[in-house]
There are 2 protein chains.
Amino acid sequence: MNKPEPTAISPTRAVDYAEWYQEVVRAAELAETSPVRGCMVIRPWGYAIWENIRARLDERFKATGHVNAYFPLLIPLSFLQQEAEHVEGFAKECAVVTHHRLEVGPDGRLVPAAPLEEPLVVRPTSETIIGAMFAKWVESWRDLPIKINQWANVVRWELRTRLFLRTAEFLWQEGHTAHETREEAWAETLTILDLYREFAESVLAMPVLTGEKTPNERFPGAEHTFCIEAMMQDRKALQAGTSHFLGQKFARASEIMFTARDRTRQYAWTTSWGVSTRLIGGLVMTHGDDNGMVVPPRVAPAHVAILPIVRRDDDRATVLPWCERLAAELREQRYDGRPVEVIVDTRDDNAGERGWAWIKRGIPIRAEVGPRDIAKDSVFVGRRDRAPRDRASVPRAEFVATIATTLDDIQRGLLERARAFRDAHTRPIDGWDEFRAFFTPANPEKPELHGGFALAHWCGSPNCERAINEELTVTIRCLPTGYGQGAPGLCIKCGSASRDRVVFAKAY
Amino acid sequence: MNKPEPTAISPTRAVDYAEWYQEVVRAAELAETSPVRGCMVIRPWGYAIWENIRARLDERFKATGHVNAYFPLLIPLSFLQQEAEHVEGFAKECAVVTHHRLEVGPDGRLVPAAPLEEPLVVRPTSETIIGAMFAKWVESWRDLPIKINQWANVVRWELRTRLFLRTAEFLWQEGHTAHETREEAWAETLTILDLYREFAESVLAMPVLTGEKTPNERFPGAEHTFCIEAMMQDRKALQAGTSHFLGQKFARASEIMFTARDRTRQYAWTTSWGVSTRLIGGLVMTHGDDNGMVVPPRVAPAHVAILPIVRRDDDRATVLPWCERLAAELREQRYDGRPVEVIVDTRDDNAGERGWAWIKRGIPIRAEVGPRDIAKDSVFVGRRDRAPRDRASVPRAEFVATIATTLDDIQRGLLERARAFRDAHTRPIDGWDEFRAFFTPANPEKPELHGGFALAHWCGSPNCERAINEELTVTIRCLPTGYGQGAPGLCIKCGSASRDRVVFAKAY
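Residues numbered from 1 in each chain as written. Chains lettered and ligands numbered in written order. Predicted model: local features only at pLDDT ≥ 70, side-chain atom pairs only at ≥ 80, totals over all residues.

**Q** Any chance you could break down the overall build of chain A for me, citing the residues and the numbers?
**A** Scanning chain A from N- to C-terminus turns up 15 helices and 27 strands. On C-alpha atoms alone, chain A measures out to a radius of gyration of 26 Å, which is about the 23 Å that the 2.2 N^0.38 rule sets for 508 residues. When the backbone C-alpha atoms are referred to their principal axes, chain A occupies close to 80 × 60 × 60 Å. When the 508 residues of chain A are sorted by exposure, 50% land in the buried category. For chain A, the share of sequence-separated contacts (at least 6 apart) that also reach a separation of at least 24 residues comes to 68%. (Helix = DSSP H or I, 4+ residues; strand = E, 2+ residues; numbered from the N terminus. Rg over C-alpha atoms; globule rule 2.2 N^0.38 Å. Buried ≥ 20, exposed ≤ 12 C-beta atoms within 10 Å, placed from the backbone. Contact = placed C-beta atoms within 7 Å.)

Okay, structure coming up:
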């Protein structure tokens, strides 16, 4: 048997998946922990991925009639309290501002001074403050719909944090809309759900299931919560985005009322929806491998790293200008409607190390250029979706001319691979023993990767939902879109009648 | 004498400038006050201007080798305390987070629970937290320079707030760089100052003076603070951006040390610099008039508002498709490297009201289209830099073909007008009586607009600076770039020797 190739990331996914994740985030220079408990620093490579996520989402929001605005970071406690379920959902994890000055205390250290009359929370989400503004802006049905999105930071005081997946502060977008009718708000909720699905699949190359959350997993205060759920490589589910139908509950809390066409006074129907920097964690765990990050071309901060190989000083005058010309030619090509982004990495002389640095960061294409390549008018090309040593000499003109189709091929391949992985670990399960075995590692001492998405029947009872979670830490990820159109069956837990299968998985 | 035309904004600038400002911000739907003390809501039209400011600055930062990243919102008190002048400058206006949970109190109202071990401040600026990360990232001179920018929200607990100009929370960018040598950090500070100047003039059409602040007006902890200063239409100065040379002071506080080329351990040299949503207030007060906002084309969320005139229902089927075709033709044109942005405003039937709404919002060009215009294949065009009634019929093909040059003409005209205004209200002053008269309204009961930029001699003493400020509320805006190359003279206040003139003004 051949010895396996050494990997750039240690431990590998199979050995310790959680540690592999942290190591990829570090090695790819995506983010790191900060001296502030639970808060991360998003490093330039990670932030540039977020900028691309933001730009691609933003153009989709605008194309569907939404506009951006900005609302206050700090929210009075009385606002939060307006909706009972909402406050219960968020009160346990709020950063509370109580003072507006610092003074030097007797021991020479700073202490808070000047207490506020009413404390403020750092927004965990903005339904209440945005609702208060909607109430001011809406008078008549002619003022509706209002379709607003905000790009912002939010704070939820999580006790156990993990870079990107769960941090005290994170970046996100939150859409907030108000409508004249229930039907229109319902349509908005589902339009956004489908927008998220299309975005996840076509931009992030991340296949997702869509569906509705059980009442137990709803957003606090929502009437219905819809979600997109992706499968990570440890076969756990990642909730990657949510779209909430809020009915008239928040409109009542914030008094968003309007004079209807029939001259009666009515409460508006509202929605809210969001995705966050968590998506970057999802990218790592969907596409990353034992050599590091793999960034889908459509969100990659750069598409090609050109690595000049300069072994002797007098090569420099030939190789560097040749690489710059190659970069210029590539930048004239367009991929996904924008110029191809190219980095010429002239940092130092060790081409091997530089190559591995770009592999770890997950750039789609590496192009090594040394004197021998130049002599052949060729480039030595590696693709991040292939093994590090699987490189080939490609004539320069061909490399340039095919760059967009190569990137397309990588993008499509990543989606196909992720979809095949998910499908391979998704299956209908009808017996409790099989269900338990599916979600239980064979060796509890040293648990291997196991589980996946189990499509199983559920009677609809929160008791069964809770019992399954307590026994196996498995949750219902969603009642998938189309729920109710399948065959009825018997609840996997209690054997009562079930209308259709739901999706069970362990989850982040 | 003709009766003056009625204006859309009341009061006018001449009657009550401060109230005129608030009214323009409201009428243009740029922003409004929120229920949270001192915090504003930036409405879609205002936020879209900010998005354009951000995009145009961001491309300039990237072109000069900077990358974006994101650092925590919350900063431990101990970090703030590392630099003595810095903490003194910000301690009086910090929002302090002291708890991380809420509970329902005995009276049923929420109260803070779970005190933090160490309180955190909501960042008023990020030198200290970013410095801590730089200290981790820098080991050798090879790791330098680091040139990072952050787009973020910050909180400074101002007691007297004013939309955009001074708010408790505002949006900004903050650049933070670390360098190997003093010279390199110095060059960075001035590169950014010039970038800000060029941006203000060519994008915002806002002429600015550049110069250095006096020690008294420096950023807390900086060795040198440079600024761009614009003149508003009430002839007061607006500090529109600052670039700080921090020397090694923050590097010492945060221990940003590196092994130098000579193997010694050295402190890095750092800079920081920023502009904020205050610029939008600057735009209002530079270009706005008694009919509302005037947005320079290069930051306008949309360039053309097409206003279909539909007086009879059967016009609709002709007029609306014609307007949509016109919009499509315009969108194929490019201005400033991007497609021309067009809004077809089909909201209701009163074309007059819609026209005034767009005048108040400051869109560069209005194009009315009714059946008679269509019969002539023409458009009835109004430019925001001309009087509302100064409109003309323009053949459709000509209107489309010349749209970019028209926008260019408006952009250039706004800059010229603002520069002429500033120059008309800038003058050398050598005698104290003249200086005092320049800054004193003739009628203190009902003060008219007065003052401007006085170029006067100053001996360099903080006492004279303070005395002038106490008597006239006039500050030294800057020692203008080129200071020291003029003729020496005598201090306007004390008559002692002065090297050169400085810029005095009342200021926001």
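**Q** Explain the domain arrangement of chain A to me, and be specific about the residues and the numbers.
**A** Assigned domains of chain A: these are domain 1 (17-287), domain 2 (298-420) and domain 3 (426-505). If you average the C-alpha positions of domain 2 of chain A and of domain 3 of chain A, the two centres end up 45 Å apart. (Domains from an automatic or database assignment.)

**Q** Before we move on, could you go through the confidence of the model for chain A and cite the residues and values that matter?
**A** Per-chain confidence: chain A averages 96 in pLDDT, with 99% of residues scoring 70 or above. Reported confidence for the predicted complex is 0.96 by ipTM and 0.96 by pTM. (pLDDT = per-residue confidence, 0-100.)

**Q** How would you sum up the sheet that holds strand E18 (residues 342-344) of chain B? Please name residues and give values.
**A** Adjacent strands of a sheet pair through backbone hydrogen bonds, lying either parallel or antiparallel. Residue and element names in this part refer to chain B. With mixed pairing, five strands are arranged side by side in an open sheet as E18-E15-E19-E20-E21. Sheet topology places E18 and strand E21 (391-395) at the edges, where each strand pairs with a single neighbour. For this sheet, the mean angle separating the axes of adjacent strands, direction not counted, is 25°. Strand direction decides the pairing type here: strand E20 (residues 378-383) and E21, joined by five bridges, are antiparallel. When the bridges of E21 are listed, Val379 appears paired with Val394. Against the sheet, helix H9 (residues 316-331) contacts strand E15 (304-308), E18 and strand E19 (365-369), and its axis sits at roughly 165° relative to E15. (Pairing = 2+ DSSP bridges. Axes fitted to C-alpha atoms, helices over the stretch in contact; angles between N-to-C directions.)

**Q** An account of the pairing of E15 of chain B is needed here, citing residue identities and associated values.
**A** Residue and element names in this part refer to chain B. Burial analysis of E15 places five of its five residues in the buried class, which makes it a mostly covered element. Alternating positions in E15 separate into two faces, Val304, Ile306 and Pro308 on one and Ala305 and Leu307 on the other, with burial throughout. Pairing geometry for E15 and E18, over three bridges, is parallel. Counted as the bridge partner of Ile306 is Val344 from E18. With five bridges joining them, E15 and E19 adopt parallel strand pairing. Residue pairing across strands places Val304 opposite Ile365, the latter belonging to E19.

**Q** I'd like a rundown of the interface of chain B and chain A, residues and numbers included.
**A** Across the contact, 47 residues belong to chain B and 47 residues belong to chain A. Taken together, the residues that form the side of chain B that touches chain A break down as 35 nonpolar, seven polar and five charged. In the sheet, strand E5 (residues 96-104) of chain A pairs with strand E5 (residues 96-104) of chain B via three bridges, with the strands oriented antiparallel. Across the sheet, residue Val97 of chain A finds its bridge partner in E5 of chain B, namely Val97 of chain B. (Nonpolar A, V, L, I, M, F, W, Y, C, P; charged D, E, K, R; others polar.)

**Q** I'd like to hear about the relation of the copies chain B and chain A, residue by residue, with values.
**A** Each copy of the sequence occupies a distinct position, and chain B is placed on chain A by a rotation of 180° and an axial shift of 0.0 Å, giving an RMSD of 0.0 Å. Given the turn and translation reported, the copies of this chain are related as if by a two-fold rotation axis. Relative to the rotation axis, the C-alpha of Val97 of chain B is the closest in chain B, positioned 2.1 Å from it. In this assembly the copies share their binding face: 100% of the residues contributing to the interface of chain B also contribute to that of chain A. (Least-squares fit on C-alpha atoms with pLDDT ≥ 70 in both.)

**Q** Requested: an account of unusual backbone geometry, with residues and values cited.
**A** Cis peptide bonds are those with omega within 30 degrees of zero, and the linkage from Ser10 of chain A to Pro11 of chain A qualifies with 0°. Mapped onto the elements, Pro11 of chain A comes out in the segment before helix H1 (17-27). Even without a glycine there, the phi angle at Arg263 of chain B is positive, about 70°. By the secondary structure assignment, Arg263 of chain B is in the loop between strand E12 (257-259) and strand E13 (265-267). Residue class for Arg263 of chain B comes out exposed when judged on the 8 C-beta atoms lying within 10 Å of it.

**Q** Got a sec to walk through the sheet that holds strand E24 (residues 475-480) of chain B? Specific residues and values, please.
**A** Residues and elements named next belong to chain B. If you trace the 11 strands from one edge of the open sheet to the other, you get E3-E7-E8-E14-E11-E10-E9-E24-E27-E23-E22, paired in mixed fashion. Only two strands of the sheet have a single neighbouring strand rather than two, namely strand E3 (67-68) and strand E22 (426-428). On top of the sheet, helix H6 (residues 182-202) reaches strand E8 (169-179), strand E9 (208-212), strand E10 (224-231), strand E11 (237-245) and strand E14 (269-276); it is set at about 155° to E11, its chief contact.

**Q** Give a detailed account of the nonpolar core, specifying residues and quantitative values.
**A** Counting 309 residues, the largest nonpolar core has Val369 of chain A together with Val369 of chain B as its most contacted members. Excluding residues that lie within four positions of it along the chain, Val369 of chain A makes contacts with Ile306, Leu307, Pro308, Ile309, Val319, Trp322, Cys323, Leu326, Ile374 and Val379 of chain A. (Core = buried A, V, L, I, M, F, W, Y, C linked by C-beta atoms within 7 Å.)

**Q** Give me the lowdown on the environment of Phe435 of chain B, citing residues and values where you can.
**A** Residues and elements named next belong to chain B. Relative to the elements of secondary structure, Phe435 occurs in helix H14 (residues 432-438). Judged by C-beta crowding, with 19 C-beta atoms within 10 Å, Phe435 ranks as partly exposed. Placed 325 residues apart in sequence, Phe435 and Leu110 show a C-alpha to C-alpha distance of 56 Å. For Phe435, the contacting residues outside a window of four places in its chain are Ile429, Ala454, Ala456 and Ile492.

**Q** Break down helix H9 (residues 316-331) of chain A for me, with residues and values.
**A** Residues and elements named next belong to chain A. For H9, with 16 residues, the first-to-last C-alpha span of 22 Å sits near the 22 Å given by 1.5 Å per residue. If you check which residues of H9 are buried, you get Val319, Trp322, Cys323, Leu326 and Leu330. The buried residues of H9 occupy an angular sector of 105° when projected down its axis, which confines them to one face. With respect to the buried face of H9, the exposed residues turned more than 90 degrees away are Ala317, Pro321, Arg325 and Ala328. If you follow the buried residues of H9, they end up packed against strand E15 (304-308), strand E18 (342-344), strand E19 (365-369), helix H11 (371-375), helix H12 (396-401) and helix H13 (403-424). (Expected span 1.5 Å × (residues − 1). Arc of directions from axis to C-beta.)

**Q** Lay out the environment of Asp336 of chain B in plain terms, naming residues and giving numbers.
**A** All names here are of chain B. As for its position among the elements, Asp336 is in the loop between strand E16 (334-335) and strand E17 (338-339). Residue classification places Asp336 among the partly exposed positions, given that 16 C-beta atoms sit within 10 Å. Sequence-wise, Asp336 and Ala268 are 68 residues apart; in three dimensions their C-alpha atoms are separated by 39 Å.

**Q** Break down the pairing of E14 of chain B for me, with residues and values.
**A** Residues and elements named next belong to chain B. Taking burial as the measure, the eight residues of E14 include eight buried ones, the bulk of the element. In the sheet, E8 pairs with E14 via eight bridges, with the strands oriented antiparallel. In the sheet register, Gly175 faces E14, and the bridge partner there is Trp273. Summarising the sheet, E11 and E14 pair through four bridges and their orientation is antiparallel. Looking at E14, one finds that Thr242 is bridged to Gly274.

**Q** Please give an account of the environment of Ser126 of chain B that cites residues and values.
**A** All names here are of chain B. Tracing the backbone through its elements, the reader meets Ser126 in the loop between strand E6 (110-122) and helix H5 (127-137). Among the residues examined, Ser126 registers 22 C-beta atoms within 10 Å and is labelled buried. Residues Ser126 and Glu174, spaced 48 residues apart in sequence, show a C-alpha to C-alpha distance of 7.8 Å. Residue contacts for Ser126: discarding those within four places in its chain leaves Phe71, Gln150, Glu174 and His176.

**Q** Any chance you could break down H1 of chain A for me, citing the residues and the numbers?
**A** Residue and element names in this part refer to chain A. Among the residues of H1, those classed as buried are Trp20, Tyr21, Glu23, Val24, Val25 and Ala27. Those residues of H1 hidden inside the fold are in contact with strand E1 (31-33), helix H8 (278-287) and helix H10 (351-361). Of the residues one or two after H1, Glu29 is the one with positive phi, at around 55°.

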